[in-house]
Amino acid sequence: MSSGKDRVVVLISGRGSNMAALVEASRAADYPAEVVAVISNKPDAAGLDYAAREGIATAVVPHKGFASREAFDAALDAEIRKYAPDFICLAGFMRLLTPGFSESWAGKLINIHPSLLPSFKGLDTHERALEAGVKLHGCTVHLVTPDLDSGPMVAQAAVPVLAGDTPESLGARVLKAEHKLYPAALALLVSGRARLVDGHVIIEQAADASAALFNPAL
Ligand code: GRF
């Protein structure tokens, strides 16, 4: 029987902690979406075991078997469509998607990136944030467009960069924020409170306009 919730397919390549955060959030009766399948391009992705234990359908589409990115994306697309999703969440999915794929899911394809975009697109974001000496770092949920890490931003969370931070300690602080931000941002999109207007995501209900995170604390 249908739950009446929007259907979400999550794409992973590894650990899957963000996928697990989405699954946990979606267990709440008042959460507007449910994770119906988890698909990985890597057969040994640890997140697949978690999803299976949670009773969620899993599938593997190994990228190695395909001659081109287009062929892989076509197979991935066919697998995804079996689950008739309303939204697709990328959660540590380490493959570049072709423009054809991202355009065909425009507005429905979401990613979480471990930096405050547009700073630090791409890989090794925590190392690069430390190198740059920023005092605030964080994560961004955005809609996926053909340009890497450049689609309209839905929500962001900032964390302080502390003296003595390593990429690992900073990454762990960001990851904790990711686990809260991703389910919240997905809910905003699913419920229609976040809407795409002229290339920017507009959110109906503004957050506390006086809230600010200072680092160092004032
Ligand atoms: C997260 O930091 C996410 O922002 C990035 O890849 C990492 C995936 O971690 N895209 P996990 O697999 O969700 O634990």
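Since the model is a prediction, treat every value here as computed from it, not as a measurement.

Student: Explain the sheet that holds strand β7 (residues 153-160) to me, and be specific about the residues and the numbers.
Tutor: If you walk across this open sheet you meet the seven strands as β3-β2-β1-β4-β5-β6-β7, and the pairing is mixed. If you trace the sheet from one side to the other, it starts and ends with β3 (57-60) and β7, each paired once. Taken pair by pair, the neighbouring strands of this sheet meet at an average axis angle of 20°, ignoring direction. Strand direction decides the pairing type here: strand β5 (residues 109-113) and strand β6 (residues 136-143), joined by four bridges, are antiparallel. Bridging from a neighbouring strand, I110 pairs with L143 of β6. Across the sheet, helix α6 (residues 167-190) touches β1 (6-12), β2 (33-40), β4 (87-90), β5, β6 and β7, and the angle it forms with β7 is around 155°.

Student: How would you summarise the site of the ligand if you had to cite specific residues and measurements?
Tutor: Every residue close to the ligand is listed here: R15, G16, S17, N18, G92, I112, H113, P114 and E178. Here an oxygen atom of the ligand sits 2.8 Å away from a polar atom, N or O, in the main chain of G16. Within the complex, the protein chains bury 85% of what would otherwise be the 370 Å² of accessible surface of the ligand. Mapping the ligand onto the cavity grids shows that it belongs to the largest pocket. Those elements that place two or more of their residues in the shell around the ligand are α1 (17-26) and β5. Residues belonging to the shell around the ligand are distributed by class as follows: two nonpolar, five polar and two charged.

Student: Describe in detail the packing of α1 against helix α2 (residues 46-53), supporting the description with residues and values.
Tutor: Put simply, α1 and α2 touch, their axes get as near as 10 Å, and they point 15° apart. By the angle class used here, α1 and α2 are roughly parallel. Seen along the crossing, α1 lies across α2 with a hand that is right-handed. Contacts between α1 and α2 involve M19, A20, V23 and E24 from the former and G47, Y50 and A51 from the latter. Of the residues in the contact of α1 with α2, the class split is five nonpolar, one polar and one charged.

Student: Can you break down the state of the cysteines residue by residue, with the values?
Tutor: For the coordinates displayed, the defined rule picks out zero disulfides. Free cysteine: C89, not disulfide-bonded; nearest cysteine sulfur from C139 at 14 Å. C89 sits in the buried class, given a relative accessible area of 0%.

Student: Residue-level account of the nonpolar core, with values.
Tutor: Formed by 45 residues in total, the largest nonpolar core has its most connected members in V10, V38, I110, V154 and L186. If one sorts the elements of this core by residue count, α6 sits on top with 11 residues. Aside from chain neighbours lying at most four places away, what touches V38 is V10, I12, M19, L48, A51, I56, A57, T58 and A59. Within the second largest apolar cluster, 19 residues are counted, among which are A59, Y83, L109 and V144.

What counts as what
- Residues numbered from 1 in each chain as written.
- Predicted model: local features only at pLDDT ≥ 70, side-chain atom pairs only at ≥ 80, totals over all residues.
- Heavy atoms only, no water.
- Pairing = 2+ DSSP bridges.
- Helix = DSSP H or I, 4+ residues; strand = E, 2+ residues; numbered from the N terminus.
- Axes fitted to C-alpha atoms, helices over the stretch in contact; angles between N-to-C directions.
- Contact = heavy atoms within 4.5 Å.
- Near = heavy atom within 4 Å.
- Polar contact = N/O pair within 3.5 Å; in protein donor to acceptor, adjacent residues only side chain to side chain.
- Areas by Shrake-Rupley, 256 points an atom, 1.4 Å probe, with all protein chains shown as cover.
- 1 Å grid on protein atoms, 1.4 Å probe; cavity = no way out; pocket = protein on both sides within 12 Å on 5 of 7 lines; lining within 4 Å.
- Sits in = over half its atoms within 2 Å of the grid points.
- Nonpolar A, V, L, I, M, F, W, Y, C, P; charged D, E, K, R; others polar.
- Parallel < 35°, antiparallel > 145°, perpendicular 65-115°, else oblique.
- Left-handed = near helix turned anticlockwise from the far one by under 90°.
- Disulfide = S-S within 2.5 Å.
- Buried < 20%, exposed > 50% of the residue type's maximum accessible area, 1.4 Å probe, protein only.
- Core = buried A, V, L, I, M, F, W, Y, C linked by side-chain atoms within 4.5 Å.

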